[in-house]
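Fold and geometry: a report
The lines below spell out each chain.
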Amino acid sequence: MRGATVILRSGPGAMEAWYMDGSDGDQREPHRRDPDQPVSLETLQALGVFHWKLNADIYEKDPELERIRKDQGYSYMDIITIRKDTLPNYEEKLKMFFEEHLHLDDEIRYILDGEAYFDVRDKEERWIRIAMTKGDLITLPAGIYHRFTLTQTNFTKAMRLFVGEPVWKAYNRPADHFDIRQKYLLSVQSCGAVQMDG
Ligand code: KMT
Ligand code: NI
């Protein structure tokens, strides 16, 4: 059961998320609204987005990570370092990652170093920016529209996890004809939780 082991955290050190302003300009900037409009972990959960905070310093033999991988069936993992001098076709890949897209499977990423933003669409199509720093593990459900960018530090090292043989194929929006997209929409509709920060 995916949500069963989620630990809700608040206060300093918690993963932060906020509604984005609509401005153009550098995708690596925070794009917070003025005044700031934070988004809670509960709101993210209602969208099917789950989060764990782990100790990335011990990722190579972390019993908590092992337990999550076992519980969730994340049999596959690799590590991607996104930085100009280490990633082949860096510019092209970053451009691709920032195109609004979905996958037919969950996207699971664990930030081992550096930082990154994952943007997800909420039910009203607004962009929520999720600020990921070292130790944040996130799961985006299959069928959710999202995108990825580096921050102004231009560096992240991330573990990619997957259930079984990985499929990285991204379908750029519009991709509403996929069953998984319709299934996703139904799954968020049935969550009738009251949102305090929407
Ligand atoms: C995706 O599909 O959005 C990505 O793989 C993002 C980059 S991996 C840290
Ligand atoms: Ni993706």
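Attention in this report is confined to the structure presented alongside it. In this text the structure is predicted, and so the values were computed from the model without any measurement.

**Regarding the coordination of the nickel ion (ligand 2)**
The coordination sphere of the nickel ion (ligand 2) contains the protein donors His101 (NE2), His103 (NE2), Glu107 (OE) and His146 (NE2), at a distance range of 2.0 to 2.1 Å. In this structure, the nickel ion (ligand 2) is coordinated by 6 donor atoms arranged in irregular fashion, with angles at the metal of 54 to 172°. Here the donor residues of the nickel ion (ligand 2) are spaced in sequence according to H-x1-H-x3-E-x38-H.

**So, the site of ligand 1**
The local shell around ligand 1 consists of Ile82, Phe97, His101, His103, Glu107, Arg109, His146, Phe148 and Ala158. For ligand 1, an oxygen atom lies 3.0 Å from a polar atom in the side chain of His103. At 2.9 Å, a side-chain N or O of Arg109 approaches an oxygen atom of ligand 1. Out of a free accessible area of 300 Å², ligand 1 has 95% covered by protein chains. At a threshold of 2 Å from the grid points, most atoms of ligand 1 map onto the largest pocket. Taken together, the elements giving at least two residues each to the shell around ligand 1 come down to β5 (107-121) and β8 (146-150). Residues belonging to the shell around ligand 1 are distributed by class as follows: 4 nonpolar, 3 polar and 2 charged.

**What about unusual backbone geometry?**
Residue Pro35 is bonded to the preceding Asp34 through a cis peptide linkage, with omega at 0°. Relative to the elements of secondary structure, Pro35 occurs in the loop between β1 (16-19) and α1 (41-46). Each neighbour pair has its own omega, and for Arg173 with Pro174 the value is 5°, a cis peptide bond. By the secondary structure assignment, Pro174 is in the loop between β10 (171-172) and α4 (179-189). In this model, His31 sits at a positive phi of 55°, which is unusual for a non-glycine residue. Along the chain, the position of His31 falls in the loop between β1 and α1. Residue class for His31 comes out buried when judged on its relative accessible area of 8%.

**Looking at the pattern of salt bridges**
In this structure the tally under the stated criterion is 16 salt bridges. A salt bridge links Asp71 to Arg67; its shortest N-O distance comes to 3.6 Å. Here Asp71 and its partner Arg67 are both found in helix α2 (residues 63-72), 4 residues apart, which amounts to about one turn of the helix. A salt bridge links Asp85 to Arg83; its shortest N-O distance comes to 3.3 Å. Classification of Arg83 by relative accessible area gives partly exposed; the value is 34%.

**Here we look at the pairing of β8**
Counting buried positions along β8 yields 5 of 5 residues, so the element is predominantly enclosed. Neither face of β8 is left uncovered, since the one carrying His146, Phe148 and Leu150 and the one carrying Arg147 and Thr149 both have all their residues buried. Direction of pairing for β5 relative to β8: antiparallel, over a ladder of 5 bridges. Note that in β8 the partner of Val120 across the bridge is His146.

**So, the nonpolar core**
The biggest cluster of nonpolar side chains holds 28 residues, and the ones touching the most others in it are Leu44, Val49, Ile82, Val120, Ile128 and Ile130. The greatest single-element share of this core, amounting to 4 residues, is contributed by β5. Among residues more than four places away in sequence, those in contact with Val49 are Leu44, Val120, Ile130, Ile138, Thr139, Leu140, Pro141 and Ile144. Within the second largest apolar cluster, 13 residues are counted, among which are Ala56, Leu65, Tyr110 and Leu112.

**Looking at α4**
Within α4, burial applies to Ile180, Arg181, Tyr184 and Val188. Around the axis of α4, the buried residues are gathered within 105° of arc, so they sit on the same side. α4 presents Asp179, Lys183, Leu186 and Gln189 as exposed residues on the side facing more than 90 degrees away from its buried surface. Of the surrounding elements, those touching the buried residues of α4 are α1 and β4 (101-102).

Calculation notes
- Residues numbered from 1 in each chain as written.
- Chains lettered and ligands numbered in written order.
- Predicted model: local features only at pLDDT ≥ 70, side-chain atom pairs only at ≥ 80, totals over all residues.
- Heavy atoms only, no water.
- Donors = N, O, S within 2.8 Å, 3.2 Å for Na, K, Ca; no water.
- Tetrahedral: all angles 85-135°; square planar, octahedral: opposite > 155°, others 65-115°.
- Near = heavy atom within 4 Å.
- Polar contact = N/O pair within 3.5 Å; in protein donor to acceptor, adjacent residues only side chain to side chain.
- Areas by Shrake-Rupley, 256 points an atom, 1.4 Å probe, with all protein chains shown as cover.
- 1 Å grid on protein atoms, 1.4 Å probe; cavity = no way out; pocket = protein on both sides within 12 Å on 5 of 7 lines; lining within 4 Å.
- Sits in = over half its atoms within 2 Å of the grid points.
- Helix = DSSP H or I, 4+ residues; strand = E, 2+ residues; numbered from the N terminus.
- Nonpolar A, V, L, I, M, F, W, Y, C, P; charged D, E, K, R; others polar.
- Buried < 20%, exposed > 50% of the residue type's maximum accessible area, 1.4 Å probe, protein only.
- Salt bridge = Lys/Arg side-chain N within 4 Å of Asp/Glu carboxyl O.
- Pairing = 2+ DSSP bridges.
- Core = buried A, V, L, I, M, F, W, Y, C linked by side-chain atoms within 4.5 Å.
- Contact = heavy atoms within 4.5 Å.
- Arc of directions from axis to C-beta.

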